[in-house]
Amino acid sequence: MHFNGIAFNASGPRDTEPEELKALADSRACAITTKTATIKPRKGNPKPRYYDDGDNSVNSMGLPNPGYEEMARRIKALKHYSDKPVFASFSGSPREAAAITSAFDEAGADVLELNLSCPNLGKGKTEAESWLEGLGAVEEATKKSLAAKLPCFLNACEQELFCGVLEQSRVKYLVAVNSPGGGLMLNQKNEIALKPLHGGYGGKGIKALALGNVFRYHEYFGNKKKIIGVGGVFSGRDAFEHLLVGASLVEIGTAYQIHGTGIFTRVENELKTELEKHGFKSAGEAIGKAIQL
Ligand code: SIN
């Protein structure tokens, strides 16, 4: 699988409708993630369910999506239109996950991404055993590469416990991190910005937590797994920092929602300058090169 760059979209914003997927295909994004699909279509949570202040966001979307069968048709059309790698995101019980995996595999998805961490389904904080079960079901259903969208761990012990689970799986891409749940923002009128009150928190404010999670995965797995850093990427410098702590690709959520597909061009161009400034000949050379004091 070839990535023509390092930055692409995180599952969530602007990645459901055919025209949104086409816009990603036409952009500088080096791959395309499709919105997390579920076995049945979902309307999602009541609106307003997204808010940002230009730097940070909260969302309580609740996985609105047309269901996996329609999403499989969209993935198939996308693969006809574009040769970019497609990460097909989905969520569900082990049995549902297996059915969705088979359909997305058949539709031509390149990577099957199991969302283990949606903050708006009440399942964001899951048990190691349920991860094992879900991953096992997906592994049986496909031979294609697997990705896991991971929650934001706040302490090393908990993250290490789950590293043990991931080690037993053949998940290749660790997508870290999903937006931590329980966020709340106020709008300019002093109103709580979301109807369901709380939601996943994303944007510049979570970069440090994302870097912490990426660093620990890289420490644990070295080159055995590929880490996709997600959290607070608005610039080439942000992407560069994710590389330095161990990511080999980055996904962009809030900044893509706010700035549209131009964000991928900006990040790739700025990253090139950043790499040159610090004496790296390629993005690959910078992976895991953060200096420890
Ligand atoms: C959502 O609730 O739809 C967004 C969060 C996620 O994709 O995990």
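Residues numbered from 1 in each chain as written. Predicted model: local features only at pLDDT ≥ 70, side-chain atom pairs only at ≥ 80, totals over all residues. Heavy atoms only, no water.

Trainee: Help me understand the overall build of the chain in this model?
Mentor: In terms of regular secondary structure, the chain is built from ten helices and eleven strands. Relative to the compact-globule value of 19 Å for 293 residues, the chain shows a C-alpha radius of gyration of 18 Å, a close match. Overall size of the chain, expressed as C-alpha extent along the three principal axes, is 50 × 50 × 45 Å. Within the chain, the proportion of its 293 residues that are buried is 54%. Counted over contacts in the chain with a minimum sequence separation of 6, partners at least 24 positions apart contribute 74%. For the chain, the centre of its 36 positive side-chain charges and the centre of its 34 negative side-chain charges are spaced 2 Å apart. (Helix = DSSP H or I, 4+ residues; strand = E, 2+ residues; numbered from the N terminus. Rg over C-alpha atoms; globule rule 2.2 N^0.38 Å. Buried < 20%, exposed > 50% of the residue type's maximum accessible area, 1.4 Å probe, protein only. Contact = heavy atoms within 4.5 Å. Lys, Arg positive; Asp, Glu negative; His and termini not counted. Charge placed at Lys NZ, Arg CZ, Asp CG, Glu CD.)

Trainee: Which parts of the structure should I look at to understand the packing of aromatic side chains?
Mentor: Think of a pair of aromatic rings as described by two things: how far the centres are apart, and how the planes are tilted against each other in angle. Taken as a whole and assessed by the stated rule, the structure comprises eleven aromatic pairs. Taken together, a centroid distance of 4.3 Å and an interplanar angle of 55 degrees make the contact between Trp131 and Phe162 tilted. Taken together, the residues span a long stretch of sequence, with Trp131 in helix α4 (residues 128-141) and Phe162 in helix α5 (residues 156-168) at a distance of 31 residues. Phe162 shares its class with Trp131; the two are buried. (Phe/Tyr/Trp six-rings, centres within 6.5 Å; stacked < 30°, edge-to-face > 60°.)

Trainee: I tried to follow unusual backbone geometry on my own but got confused; where do I start?
Mentor: A negative phi angle is the norm for most residues apart from glycine, just as the trans form is the norm for most peptide bonds. The omega torsion across Lys47 and Pro48 is 0 degrees, close enough to zero to call that bond cis. Tracing the sequence through the fold places Pro48 in the loop between β2 (32-37) and β3 (50-52). That bond from Ala176 to Val177 is cis: its omega, 20 degrees, falls within 30 degrees of zero. Structurally, Val177 is set in the loop between β8 (173-176) and β9 (200-203). A positive phi angle, near 45 degrees, is found at Arg14, a position not held by glycine. Within the secondary structure, Arg14 sits in the loop between β1 (7-9) and α1 (18-25). Positive phi, close to 55 degrees, is recorded for Leu63, a residue that is not glycine. Within the fold, Leu63 resides in the loop between β4 (56-59) and α2 (68-81). A relative accessible area of 5% means that Leu63 is categorised as buried.

Trainee: Just to check I follow, could you spell out the site of the ligand for this structure?
Mentor: Around the ligand, the neighbouring residues are Lys35, Asn59, Met61, Gly62, Leu63, Pro64, Asn115, Cys118, Pro119, Asn120 and Asn178. For the ligand, an oxygen atom lies 3.1 Å from a polar atom in the side chain of Asn115. When atoms are counted within 2 Å of each cavity's grid points, the one that captures over half of the ligand is the largest pocket. When grouped by side-chain class, the residues that make up the shell around the ligand number five nonpolar, five polar and one charged. (Near = heavy atom within 4 Å. Polar contact = N/O pair within 3.5 Å; in protein donor to acceptor, adjacent residues only side chain to side chain. 1 Å grid on protein atoms, 1.4 Å probe; cavity = no way out; pocket = protein on both sides within 12 Å on 5 of 7 lines; lining within 4 Å. Sits in = over half its atoms within 2 Å of the grid points. Nonpolar A, V, L, I, M, F, W, Y, C, P; charged D, E, K, R; others polar.)

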